[in-house]
Amino acid sequence: MGNTKVRHNLILVLIPIPLFFQMLFERVIFGNSDSPFYIEDTAAIIAQDIDKLQIFESLICPNIRSYCRKFFSEDQHGFLEARSTVTNLILFENALVEALDKNTQVNVVYTDFSKAFDKVLHCALLKKLSLYGFSGSMLNWFRSYLTNLYFYVIANGFESDKFIITSGVLQGSHLGPILFNLFLNDLSRCFKNTSDLLYADDLKLLRDINVRTDAHLLQKDLDNLKKWCDKNGMQINPSKCSQITFTRKSQPILTQYLIGCLELEEKDSVRDLGAIFDKKMSFVPHIYDTVKRASRMLGFIIRNGRAFRRPEIRITLYFSIVRSLLEYASVVWRPHYAIHMLRIERIQKRFMWHLTCSQRLTNQLKSYNERLKVPKIGLRITNEDQCKYWSGRLHHVWASLRLYKKEYGALDA
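Keep in mind it's a predicted model, so treat the numbers as computed, not measured.

## Observations regarding the overall build of the protein
Okay, so step 1: Secondary structure summary: the protein contains 13 helices and 14 strands in total.
Okay, so step 2: The 413 residues of the protein split such that 44% are buried.
Okay, so step 3: Within the protein, residue pairs in contact and separated by at least 24 positions form 69% of the contacts whose partners lie at least 6 positions apart.
Okay, so step 4: Accessible area for the protein stands at about 22,700 Å²; split by element, carbon and sulfur atoms hold 54% of it.

Rendered as structure tokens:
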């Protein structure tokens, strides 16, 4: 069986990507719309057999991912098993808290790559793949996968000239995220004086600033980042990059950083992977923003869920649309003041009131705590077996709704 498996893998490697998989086209059809033309298919699509290519990729991806796991940088948290935006934010918050506890200033620079997935040069990627140990038939397979790609446009029965695609990884493919991570994998080696964290192409650099020399070292790593981008064909959009200073000092060290010739904008707060960080690390702007968005989504459920008579449907909607907002990264921004806890809990109180009103039980369950404790709320089922089933289901649901009491007033026990 072992030999058969090896032979099977070799066959997959030796088969080059067929030509019809390498043809991308965009179909444009002119019509009688208000504009001179409209696009029926705006995104580039692969010819008919795209599903076959995805299946083909899925066969070899597990082995490639397993082999590449040892090469991936510890600073990268995107598209990797057991890593996520939350793990990225936890490490970032821990670094900030440790520095602020020492009354140290921390400068952080956020960068933005322009069309990062589309700017991956195929020739540079193939060189990096060879450095990571891909050779022979495997490297040739990657070459057939990446090179000789072209696209053209069809409009009113006419075809444009074919244009060769020399950069970019296929988004939505199985191999695309792996190849993108391998392409960016050596980026962390450029930073000798700062710490860095990545989620896909979202990069932030941070350094403790005790004297002005520390700021110069951070600027030096920004210069190294610019050199890496020039060498690898990537582009940074300085207008979308920013810097923020985290400190509790009354007189922080004033700094100004450059990428290329453009100065970075200084901000008082920044949204980082869905969480809003402010200079004082109070997370008050994030709490207010989260409550606002959760309240808006709860209103959407109340307005559009009136036709649902079964309470478990409304509970499912609440968990998936509203509570997911309240829980996201709450281990990072957990509230410490009662006023913020009450703001978050008010969302759940509103939902509980709506749920009991929909089941016409407000007279029997007048207090918020009573509504949380009742496992059979809203059950109007005559069948005994069904009643037991839904009673058990709802008991766990109501129990989970009470878990926010366990720590910090957050909803992510």
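## Observations regarding the packing of aromatic side chains
Okay, so step 1: The full count for this structure, using the stated rule, is 16 aromatic pairs.
Okay, so step 2: Geometrically, the ring pair formed by F92 and F277 is edge-to-face, given 5.1 Å between the ring centres and 65° between the ring planes. One end of the pair, F92, is in helix α3 (residues 85–101); the other, F277, is in strand β14 (residues 275–278), and 185 residues separate them in sequence. The pair formed by F92 and F277 is uniform in burial state, with each residue classed as buried.
Okay, so step 3: Judged by centre distance (6.0 Å) and plane angle (80°), the rings of Y318 and F319 are edge-to-face.
Okay, so step 4: Three or more aromatic residues joined by ring pairs form one cluster here, namely Y67, F71, Y132, F134, W141, F142 and Y145.

## Here's the deal with the sheet that holds strand β8 (residues 202–209)
Backbone hydrogen bonds hold the strands of a sheet together, and the pairing may be parallel or antiparallel.
Okay, so step 1: The sheet built from 5 strands is open, its strands ordered β7-β8-β3-β9-β12 with mixed pairing. Lying at the two open borders of the sheet, with one neighbouring strand each, are β7 (195–199) and β12 (265–266).
Okay, so step 2: Taken together, the 2 bridges between strand β9 (residues 242–246) and β12 define a ladder with parallel strand orientation. Residue S242 lies in a different strand from β12, and its bridge partner there is E265.
Okay, so step 3: With respect to the sheet, α3 is in contact with β3 (105–111), β7, β8 and β9, its orientation differing from that of β7 by roughly 160°.

## Concerning unusual backbone geometry
Okay, so step 1: Residue N103 is not a glycine yet carries a positive backbone phi of 60°.
Okay, so step 2: Locating N103 in the fold gives a position in the loop between α3 and β3.
Okay, so step 3: Even without a glycine there, the phi angle at L273 is positive, about 50°.
Okay, so step 4: In this fold, L273 is placed in the loop between β13 (269–272) and β14.
Okay, so step 5: By relative accessible area, L273 is classed as buried at 17%.

## Some points on the confidence of the model for the protein
Okay, so step 1: In the predicted model, the protein carries a mean pLDDT of 79, and the fraction of residues at 70 or more is 74%.
Okay, so step 2: Predicted confidence for residues 1–14 stays below pLDDT 50, and this span has 9 contacts to residues more than four positions away or in other chains.

## Focus on the nonpolar core
Okay, so step 1: If you look at the biggest cluster of nonpolar residues, it comprises 53 residues, and the most contacted ones within it are F113, F142 and L175.
Okay, so step 2: Going through the elements one at a time, α2 (50–68), α4 (122–131), α5 (136–146), α6 (175–184), β8 and α7 (212–232) are the ones with two or more residues in this core.
Okay, so step 3: Counting residues per element, this core draws most heavily on α6, which supplies 7 residues.
Okay, so step 4: Setting aside its immediate chain neighbours within four residues, L175 contacts E57, I60, C61, I64, W141, F142 and Y145.
Okay, so step 5: Among the nonpolar cores identified, the runner-up in size contains 36 residues, and F92, A275, V332 and L355 belong to it.

## Quick notes on the packing of α4 against α5
Okay, so step 1: Direction vectors running N to C along α4 and α5 enclose 165°, while the axes themselves pass 11 Å from each other. Between α4 and α5, the angle falls in the class roughly antiparallel. Note on packing geometry: the crossing formed by α4 with α5 is right-handed. Contacts from H122, L125, L126, L129 and S130 of α4 reach α5 at L139, F142, R143 and L146.
Okay, so step 2: Here the contact of α4 with α5 is composed, by residue class, of 6 nonpolar, 2 polar and 1 charged.

## With respect to the pattern of salt bridges
Okay, so step 1: Applying the stated criterion across every chain, the model contains 11 salt bridges.
Okay, so step 2: Between D214 and R207 there is a salt bridge, with the nearest N and O atoms lying 2.9 Å from each other. The pair D214 / R207 is uniform in exposure class, with both members buried.
Okay, so step 3: With a shortest N-O distance of 3.2 Å, D230 and K226 are connected by a salt bridge. Placement of the pair is D230 and K226 together in helix α7, with a separation of 4 residues, close to one helical turn.
Okay, so step 4: Taking relative accessible area as the criterion, D230 reaches 53% and is therefore assigned exposed.
Okay, so step 5: Within this structure, E266, D268 and K279 form a network of salt bridges that share partners.

## Concerning the side chain of T104
Okay, so step 1: Looking at the element boundaries, T104 is found in the loop between α3 and β3.
Okay, so step 2: Judged by relative accessible area, which is 9%, T104 ranks as buried.
Okay, so step 3: Those residues in contact with T104 that lie beyond four places of it in its chain are A99, D208, I209, N210, F246 and K249.

## Digging into the environment of T247
Okay, so step 1: Locating T247 in the fold gives a position in the loop between β9 and β10 (258–259).
Okay, so step 2: Of the residues examined, T247 reaches a relative accessible area of 6% and is grouped as buried.
Okay, so step 3: For the pair T247 and N107, spaced 140 residues apart in the sequence, the C-alpha separation amounts to 8.7 Å.
Okay, so step 4: Other than its neighbours up to four places away in sequence, T247 contacts L100, Q105, P252, K279 and K280.
Okay, so step 5: Of note is the side chain of T247, whose polar atom sits 3.0 Å from the backbone nitrogen of K249.

## Some details on the environment of L182
Okay, so step 1: Mapped onto the fold, L182 is located in helix α6.
Okay, so step 2: The class of L182 is buried, set by a relative accessible area of 1%.
Okay, so step 3: Placed 111 residues apart in sequence, L182 and F71 show a C-alpha to C-alpha distance of 8.0 Å.
Okay, so step 4: Not counting chain neighbours up to four residues away, the residues in contact with L182 comprise C68, F72, K128, L129 and Y132.

Parameters at a glance
- Residues numbered from 1 in each chain as written.
- Predicted model: local features only at pLDDT ≥ 70, side-chain atom pairs only at ≥ 80, totals over all residues.
- Heavy atoms only, no water.
- Helix = DSSP H or I, 4+ residues; strand = E, 2+ residues; numbered from the N terminus.
- Buried < 20%, exposed > 50% of the residue type's maximum accessible area, 1.4 Å probe, protein only.
- Contact = heavy atoms within 4.5 Å.
- Areas by Shrake-Rupley, 256 points an atom, 1.4 Å probe, with all protein chains shown as cover.
- Phe/Tyr/Trp six-rings, centres within 6.5 Å; stacked < 30°, edge-to-face > 60°.
- Pairing = 2+ DSSP bridges.
- Axes fitted to C-alpha atoms, helices over the stretch in contact; angles between N-to-C directions.
- pLDDT = per-residue confidence, 0-100.
- Core = buried A, V, L, I, M, F, W, Y, C linked by side-chain atoms within 4.5 Å.
- Parallel < 35°, antiparallel > 145°, perpendicular 65-115°, else oblique.
- Left-handed = near helix turned anticlockwise from the far one by under 90°.
- Nonpolar A, V, L, I, M, F, W, Y, C, P; charged D, E, K, R; others polar.
- Salt bridge = Lys/Arg side-chain N within 4 Å of Asp/Glu carboxyl O.
- Polar contact = N/O pair within 3.5 Å; in protein donor to acceptor, adjacent residues only side chain to side chain.

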